[in-house]
Structure formats: structure tokens, C-alpha cells
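Each chain, written out:
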Amino acid sequence: MPIQLPDLPYDQAALEPHLSARTLEFHYGKHHKGYVTKLNAAIENTSYADLSLEQIVTAASENGDAGIFNNAAQVWNHTFLWHSMAPDGGGAPAGDLAGMIDTAFGSFEEFCASFRQAAAGQFGSGWAWLVQDDGQLSIVTTGNADTPVLGKARPLLTLDVWEHAYYLDYQNDRASYIDTYLAHLVNWQFAAANLN
Ligand code: MN
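Keep in mind that what you see is a predicted model, and the values were worked out from it rather than measured.

When helices and strands are tallied, the chain shows 8 helices and 3 strands. Written out in order from the N terminus, the α and β elements of the chain read α-α-α-α-α-β-β-β-α-α-α. What you see for the chain is a C-alpha radius of gyration of 16 Å, in line with the 16 Å of a compact globule of 196 residues. Overall, the chain is about 50 × 40 × 30 Å in size when its C-alpha atoms are taken along their principal axes. Put simply, the chain has 196 residues, and 47% of those count as buried. With an accessible surface of roughly 9300 Å², the chain has 49% of that area assigned to carbon and sulfur atoms. Seen as two clouds, the 8 positive and the 22 negative side-chain charges of the chain have centres 6 Å apart.

This is the structure we're talking about:
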């Protein structure tokens, strides 16, 4: 059963004016779709062919199959990314998550500063994540296709900091892209639903 490209959870223009339909057209329609296509070509007629996406990520990592791992992890990461954003998202979370953010970071403002610093500081391509580990929230970054889905920390949210994620709208200004994500896009309801 080939791995499917999941539908976007919203219309390609739904994140405007913060992320353009053109960015989604390329990022979802070309990059994400491309990882799915390359993954399916790579796993066809192999022992990976009947595994779930998560099983492929884990097995390819254990086996050192870098090409399969990179494409499978990127499929997983991008699917998680689309749900990490929402039209009318952004701002501070409510409920239990608000208290957990305060406990872990001191305040929502301090969380934003730490997230901004981590996402801006990831050299080259990669991802910034809010994760839950042993009940505690923390921010981690991963390079290229690497993903916390392999570890014991549970991902709650992610931001793609590959240039393809923001270049059409923000050119080289990653900092403005990160600020826009925090102010207008981050989907706290998705993060709360991912809590253990
Ligand atoms: Mn991407």
C-alpha cells in the first residue's frame, strides 16, 4: 500500500496574508508531494512496502537507510507541520497548556523568546519543535529531516525552517517568518490534543 499524501487541513490560501497560497502550492504541492513520490519509489518491492509511515521512519533509521529515512521523515514532519498551523492561529494558548508553558518557560513571552532563538539558531535546514518529555515541555531543534518522532519526547508542534518554507514570502528573513508563526499561525488546539 503506497504512502498517501494527506490532504491539507485547510485551503491553500487559508493562511494568507501570513503564508501565501503560492508558498503552500510549492511547499505542499511540490515539496511534500515530492517526498511522498520519492519514498514510494524507494520502498516499492522492499520490506518497507507494507509498513506504516511511522514504522518506515523507525526501521529506516535503525537500518541506516538514509534515503528512505529522509523521505519518510520529511513526509511525517510536513504532515505534522500543516496541523501545527491554522487560520486565525497564533497568540497565547489557553487551558492546561498555558499553565504548562508558564511552568516550563516562566511565561508565554519567555516561551516565544526561546522558540524564536531556537528556530533562528538552527543552522541551515531543519525544524523547531515544542515537545513533551516526562511531562515537561521543552523546545528542541532537528537538522534536515530528523524528527523527534523517533525519541521518547512527544512532539506537540513544529515549525519548518528550511528556506523552502518561507523564501517566497520572507526571502532570507527567517526571523519575521518565525514571529509571524507565533503571532498568527500556531495551532494551540493541535498542540493541546497532542499532550500525553
Ligand atoms: Mn518543508
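Structure's up, so let's keep going.
Viewed as axis vectors pointing N to C, helix α5 (residues 108–121) and helix α7 (residues 174–185) meet at an angle of 145°, and their least axial separation amounts to 10 Å. Where α5 crosses over α7, the two elements pack in a sense that is right-handed. Where α5 abuts α7, its residues F111, C112, F115, R116, A119 and A120 lie against R174, I178, D179, Y181 and L182. Of the residues contributing to the contact of α5 with α7, the split by class is 8 nonpolar, no polar and 3 charged.

Protein-derived ligands of the manganese ion are H27 (NE2), H78 (NE2), D160 (OD) and H164 (NE2), with the metal-ligand distances lying across 1.9 to 2.1 Å. Spacing between the donor residues of the manganese ion along the chain follows H-x50-H-x81-D-x3-H. Of the two residues, H78 sits in helix α3 (residues 66–83) while H164 sits in the loop between β3 (154–160) and α6 (167–170), which places them 86 residues apart along the sequence. Accessibility expressed as a relative area gives 19% for H164, which makes it buried.

This next bit is on the environment of E109. Summarising the element assignment, E109 is placed in helix α5. Along the sequence, E109 and G91 sit 18 residues apart, while their C-alpha atoms lie 10.0 Å from each other.

Counting through the fold element by element, A49 comes out in the loop between α1 (21–43) and α2 (53–63). A relative accessible area of 18% places A49 in the buried class. Between the C-alpha atom of A49 and that of D7, which follows or precedes it by 42 residues, the distance is 21 Å. With near-sequence residues (within four places) excluded, A49 lies in contact with M1 and I43.

Reading the values: rules and limits
Residues numbered from 1 in each chain as written. Predicted model: local features only at pLDDT ≥ 70, side-chain atom pairs only at ≥ 80, totals over all residues. Heavy atoms only, no water. Helix = DSSP H or I, 4+ residues; strand = E, 2+ residues; numbered from the N terminus. Rg over C-alpha atoms; globule rule 2.2 N^0.38 Å. Buried < 20%, exposed > 50% of the residue type's maximum accessible area, 1.4 Å probe, protein only. Areas by Shrake-Rupley, 256 points an atom, 1.4 Å probe, with all protein chains shown as cover. Lys, Arg positive; Asp, Glu negative; His and termini not counted. Charge placed at Lys NZ, Arg CZ, Asp CG, Glu CD. Axes fitted to C-alpha atoms, helices over the stretch in contact; angles between N-to-C directions. Left-handed = near helix turned anticlockwise from the far one by under 90°. Contact = heavy atoms within 4.5 Å. Nonpolar A, V, L, I, M, F, W, Y, C, P; charged D, E, K, R; others polar. Donors = N, O, S within 2.8 Å, 3.2 Å for Na, K, Ca; no water.

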